[in-house]
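# Coordinates in review
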Amino acid sequence: MSVKAIPEGFSGVTPYLGIKRAALAIEFYKQAFGAEESMRLDMPDGSVGHAELRIGGSAIMLGSPCEQTPMDSPDTHKTSVGLHLYVEDVDRSFARALAAGATEVSAVKDQFYGDRSGSLRDPFGHVWFLASRKEDLSAEEIARRAREMFQQQAG
C-alpha cells in the first residue's frame, strides 16, 4: 500500500500555534472547546514538541516554541501562528512559493516523523509549513525516532 502525500483527516490549511505553555493550552482547549488530542510528542525538557488536536472535526497543530522554529508565543517578536499545508509534491510546491516571492526559513528535507517538509515566510510575514507524508508511522515509532534524534544531538 502506498503512503498518501496528504494524510487522512487533513485538507486545506491547518493552523499551527506556537504556545510557551503548550501543555496547559492543550488542557484548556480540551475543556473549553472539547478538543481531542490525536498526537503528542513531548520533548526531553517536558515541553510539547508537537501536538495535533481536533476541534469540531478540524485539525490544529501546536507546540512549544524553541530556537529551531520561526514561531514563538504572541508576547515576542516572532509570529505565534504558522499555516501547515499538506501538498502532493512538497519540493515542487516549495519551489513555486519561493518563485512567487516567499523566503526560505528551513529547507525541505525528510523528517523523523514521516513527512518531507520545509518552512517559508510569505512576503507578508506569515510562516508556512509545507509537507508531504512519506511514511505512515505509529505514535510509538515517532517517539522512538525522536528519542534517538535527541540522544544524537545531546551526544
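Analysis parameters
Residues numbered from 1 in each chain as written. Predicted model: local features only at pLDDT ≥ 70, side-chain atom pairs only at ≥ 80, totals over all residues. Heavy atoms only, no water. Buried < 20%, exposed > 50% of the residue type's maximum accessible area, 1.4 Å probe, protein only. Helix = DSSP H or I, 4+ residues; strand = E, 2+ residues; numbered from the N terminus. Pairing = 2+ DSSP bridges. Salt bridge = Lys/Arg side-chain N within 4 Å of Asp/Glu carboxyl O. Polar contact = N/O pair within 3.5 Å; in protein donor to acceptor, adjacent residues only side chain to side chain. Contact = heavy atoms within 4.5 Å. 1 Å grid on protein atoms, 1.4 Å probe; cavity = no way out; pocket = protein on both sides within 12 Å on 5 of 7 lines; lining within 4 Å. Points joined across faces, edges and corners; volume = space filled by probe spheres on them. Nonpolar A, V, L, I, M, F, W, Y, C, P; charged D, E, K, R; others polar. Domains from an automatic or database assignment. Buried area = accessible area lost by both parts, 1.4 Å probe.

## Looking at the pairing of strand β5 (residues 81–86)
Only one face of β5 is covered, namely the one carrying G82, H84 and Y86; the face carrying V81, L83 and L85 has none of its residues buried. For strand β1 (residues 13–18) and β5, the ladder comprises five bridges, and the chain directions are antiparallel. Its bridge partner being in β5, P15 is matched across the sheet by L83. Inspection of the sheet shows β5 paired to strand β8 (residues 127–133) by five bridges, in the parallel sense. Residue pairing across strands places L83 opposite W128, the latter belonging to β8.

## A look at the pattern of salt bridges
Inspection of every chain in the model, using the stated rule, returns 12 salt bridges. Here the residues in one salt-bridge network are E27, K30, E37, R40 and D42, joined through shared partners.

## Digging into the side chain of S119
Structurally, S119 can be placed in strand β7 (residues 115–121). Judged by relative accessible area, S119 falls into the buried class, the value being 3%. A distance of 2.7 Å separates a polar atom in the side chain of S119 from a polar atom in the side chain of S106. Residue contacts for S119: discarding those within four places in its chain leaves F94, E104, V105, S106, W128 and F129.

## A word on the layout of surface pockets
Of the voids in this model, the second largest pocket is the one considered here, and its volume is about 190 Å³. Lining the second largest pocket are 13 residues, and of these L85, S93, A97, L120 and L130 lie nearest its centre. Residues of the lining of the second largest pocket, tallied by class, amount to nine nonpolar, two polar and two charged.

## Let's talk about the environment of P123
Topologically, P123 is positioned in the loop between β7 and β8. Along the primary structure P123 and T103 are separated by 20 residues, whereas in three dimensions their C-alpha atoms are 7.6 Å apart. Ignoring sequence-local partners within four residues, the contact set of P123 consists of G101 and A102.

## Regarding the domain arrangement of the protein chain
Split by domain assignment, the protein chain resolves into domain 1 (1–72) and domain 2 (78–154). Taking the mean C-alpha position of each, domain 1 and domain 2 sit 14 Å from one another. Each partner contributes to the interface: domain 1 provides 24 residues, whereas domain 2 provides 26 residues. Interface area, domain 1 with domain 2, both sides summed: about 2100 Å², of which 69% is carbon and sulfur.

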